[in-house]
Amino acid sequence: MTVDSVSLQGAVIRNSYEQDLNKHWEDKQSDDINLLLGQMDGLYHHHYAVGDFNRSILLAPELEREKLILKEMHRLETEQVSLITDALGSLPPTARVMDGGSGRGGTSFMVHDRFGCRVDGVNFCRHHIDFAQKLARRRGCDDKVDFHYANMVETPFEDGTFDAVYTNETTMYVDLHEAFREFARVLRPGGRYVLVTWCRNDAEVAASPDVSAIDEHYVCHIHGRGTYLKALADNGLVPSRVLDLTDSAVPYWELRSHSRLKTGVEQPFLDGYRKNHLNYVVIAAEKAVDA
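The model shown is predicted, which means the values in this text are computed figures rather than measured ones.

Digging into the overall build of the protein
Part 1 of the argument: Broken down by element type, the protein carries eleven helices and seven strands.
Part 2 of the argument: Radius of gyration (C-alpha) of the protein: 18 Å, near the 19 Å computed for a compact globule of 291 residues.
Part 3 of the argument: Projected onto the principal axes, the alpha-carbon positions of the protein cover approximately 60 × 45 × 40 Å.
Part 4 of the argument: Within the protein, the fraction of its 291 residues that count as buried is 56%.
Part 5 of the argument: Taking as baseline every contact in the protein between residues at least 6 positions apart, the subset at least 24 positions apart corresponds to 77%.
Part 6 of the argument: Taken as a whole, the protein presents about 12200 Å² of accessible surface, with 49% of it coming from carbon and sulfur.
Part 7 of the argument: Averaging the coordinates of the 32 positive side-chain charges in the protein and doing the same for the 44 negative ones gives two points 3 Å apart.

Observations regarding the environment of leucine 76
Part 1 of the argument: Within the secondary structure layout, leucine 76 lies in helix α3 (residues 62-80).
Part 2 of the argument: Leucine 76 sits in the buried class, given a relative accessible area of 1%.
Part 3 of the argument: In this structure the C-alpha to C-alpha distance between leucine 76 and glycine 51, which are 25 residues apart in sequence, comes to 7.2 Å.
Part 4 of the argument: Sequence-distant contacts of leucine 76, that is, excluding residues within four places in its chain, are made with Ala49, Val50, Gly51, Asp52, Phe53, Tyr252 and Leu255.

Considerations on the environment of aspartate 130
Part 1 of the argument: Residue position: aspartate 130 is located in helix α6 (residues 126-139).
Part 2 of the argument: Among the residues examined, aspartate 130 registers a relative accessible area of 44% and is labelled partly exposed.
Part 3 of the argument: The sequence separation of aspartate 130 and phenylalanine 147 amounts to 17 residues, and the corresponding C-alpha distance is 8.3 Å.

A word on the side chain of asparagine 168
Part 1 of the argument: Mapped onto the elements, asparagine 168 comes out in strand β4 (residues 162-168).
Part 2 of the argument: On the basis of relative accessibility, which here comes to 5%, the residue asparagine 168 falls in the buried class.
Part 3 of the argument: Leave out the neighbours within four places in its chain, and asparagine 168 touches His47, Gln80, Val81, Ile84, Thr107 and Val196.

Side note on the pattern of salt bridges
Part 1 of the argument: The full count for this structure, using the stated rule, is 23 salt bridges.
Part 2 of the argument: Its salt-bridge partner being glutamate 178, residue arginine 14 comes within 2.7 Å of it at the nearest N-O pair. One end of the pair, arginine 14, is in the segment before α1 (16-26); the other, glutamate 178, is in helix α7 (residues 176-186), and 164 residues separate them in sequence. An identical accessibility class is assigned to arginine 14 and glutamate 178; each is buried.
Part 3 of the argument: In this structure, the salt-bridge partner of lysine 230 is aspartate 234, at a minimum N-O distance of 2.7 Å. Remark: aspartate 234 and lysine 230 occur in helix α9 (residues 225-234); sequence separation between them is four residues, near one turn of the helix.
Part 4 of the argument: The class of aspartate 234 is partly exposed, set by a relative accessible area of 44%.
Part 5 of the argument: One connected set of salt bridges, linked through shared partners, spans Arg14, Glu18, Glu154 and Glu178.

A closer look at the nonpolar core
Part 1 of the argument: Counting 66 residues, the largest nonpolar core has Leu88, Trp198, Tyr218, Trp253, Phe269, Tyr273 and Tyr280 as the members making the most contacts within it.
Part 2 of the argument: With five residues, the top contributor of residues to this core is helix α10 (residues 246-256).
Part 3 of the argument: The residues touching leucine 88, leaving out its near neighbours within four places in the chain, are Val111, Phe115, Ala164, Tyr166, Arg192 and Val194.

A look at the packing of helix α8 (residues 209-218) against helix α11 (residues 266-274)
Part 1 of the argument: For the pair α8 and α11, the least separation of the axes is 8 Å and the interaxial angle reads 145°. The interaxial crossing formed by α8 with α11 has left-handed handedness. Touching Asp210, Ala213, Ile214 and Tyr218 of α8 are Pro268, Phe269, Asp271 and Gly272, all from α11.
Part 2 of the argument: Looking at the contact of α8 with α11 residue by residue, the class counts come to five nonpolar, one polar and two charged.

Focus on the packing of aromatic side chains
Part 1 of the argument: In total, this model carries 18 aromatic pairs according to the counting rule given.
Part 2 of the argument: Where phenylalanine 180 meets tyrosine 228, the ring centres are 6.3 Å apart and the plane angle is 45°; that geometry is what we call tilted. Placement of phenylalanine 180 in helix α7 and of tyrosine 228 in helix α9 is noted, with a sequence separation of 48 residues between them. Like phenylalanine 180, the residue tyrosine 228 is buried in the burial classification.
Part 3 of the argument: Between tryptophan 198 and phenylalanine 269, the ring centres sit 5.2 Å apart and the planes meet at 85°, which makes this aromatic pair edge-to-face. Placement of the pair is tryptophan 198 in strand β5 (residues 187-200) and phenylalanine 269 in helix α11, with a sequence separation of 71 residues. A single burial state applies to tryptophan 198 and to phenylalanine 269, both of which are buried.
Part 4 of the argument: Following the ring pairs from residue to residue traces out a cluster consisting of Tyr48, Trp198, Tyr218, Tyr252, Trp253, Phe269 and Tyr273.
Part 5 of the argument: A cation over a ring is seen here: arginine 104 above phenylalanine 131, with NZ or CZ 5.2 Å from the ring centre.

Rules used throughout
Residues numbered from 1 in each chain as written. Predicted model: local features only at pLDDT ≥ 70, side-chain atom pairs only at ≥ 80, totals over all residues. Heavy atoms only, no water. Helix = DSSP H or I, 4+ residues; strand = E, 2+ residues; numbered from the N terminus. Rg over C-alpha atoms; globule rule 2.2 N^0.38 Å. Buried < 20%, exposed > 50% of the residue type's maximum accessible area, 1.4 Å probe, protein only. Contact = heavy atoms within 4.5 Å. Areas by Shrake-Rupley, 256 points an atom, 1.4 Å probe, with all protein chains shown as cover. Lys, Arg positive; Asp, Glu negative; His and termini not counted. Charge placed at Lys NZ, Arg CZ, Asp CG, Glu CD. Salt bridge = Lys/Arg side-chain N within 4 Å of Asp/Glu carboxyl O. Core = buried A, V, L, I, M, F, W, Y, C linked by side-chain atoms within 4.5 Å. Axes fitted to C-alpha atoms, helices over the stretch in contact; angles between N-to-C directions. Left-handed = near helix turned anticlockwise from the far one by under 90°. Nonpolar A, V, L, I, M, F, W, Y, C, P; charged D, E, K, R; others polar. Phe/Tyr/Trp six-rings, centres within 6.5 Å; stacked < 30°, edge-to-face > 60°. Lys NZ or Arg CZ within 6 Å of the ring centre and 35° of its normal.

Keep in mind that these numbers describe shape and distance, not what the molecule does.
Take a look at the structure:
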């Protein structure tokens, strides 16, 4: 993504790509594949999952099968958040954490529930912000979990505000060098950044039709795996954990391909992971003390 000087909506939406992306999300106000799953327990996710599913549900009668598939998808998506919370390590209740690209708040609430810490979600989709703020009030944690209409690569926070920053499947929407520079700025020295993402396996392919299909579907720019590591290093973020969970990412898409709510992106994900053109990774990095 090339950042230009066009100002399209104040300082938050800054260029034509961000305008297209914002429209993509603002138009998705009745997306059943997120909303129906979230209604089960009030945790609304905008990410996918790893791990196997109960394959016996595919043998259930049709009407019952769909309910079981959605329940199993929600279980997997909820359990996926442990990739973030485990990598964050031990955070005290006094910690302050930023969620870059917070969606409807599912990960933010689970991080707060795990550690008792303050979480600030950042997102430039207004209906997501409104939705998440209402949930925070309903959950009785709006004094500790807040959501801000802001650009995750240009936030309103002071230098060194946060003990930790994480992004859960959102870095394919940003320029990595710009984003990691901002995350390093708002992290205190020694603070931790955790990312979960799908990425192109640039050791295998320079381009892939599966990756291109996913980019088109989500208005995103899937980065190469090597680009992540270089951008982290260039911005004083030193990786301490790199997990490749590509094989574990396949079952979720197998399950979702059986749902009546499938959107057409299931096969590109399955093909991309199976061909090793696409990887699913978790990276934890620390801000260098002298950065």
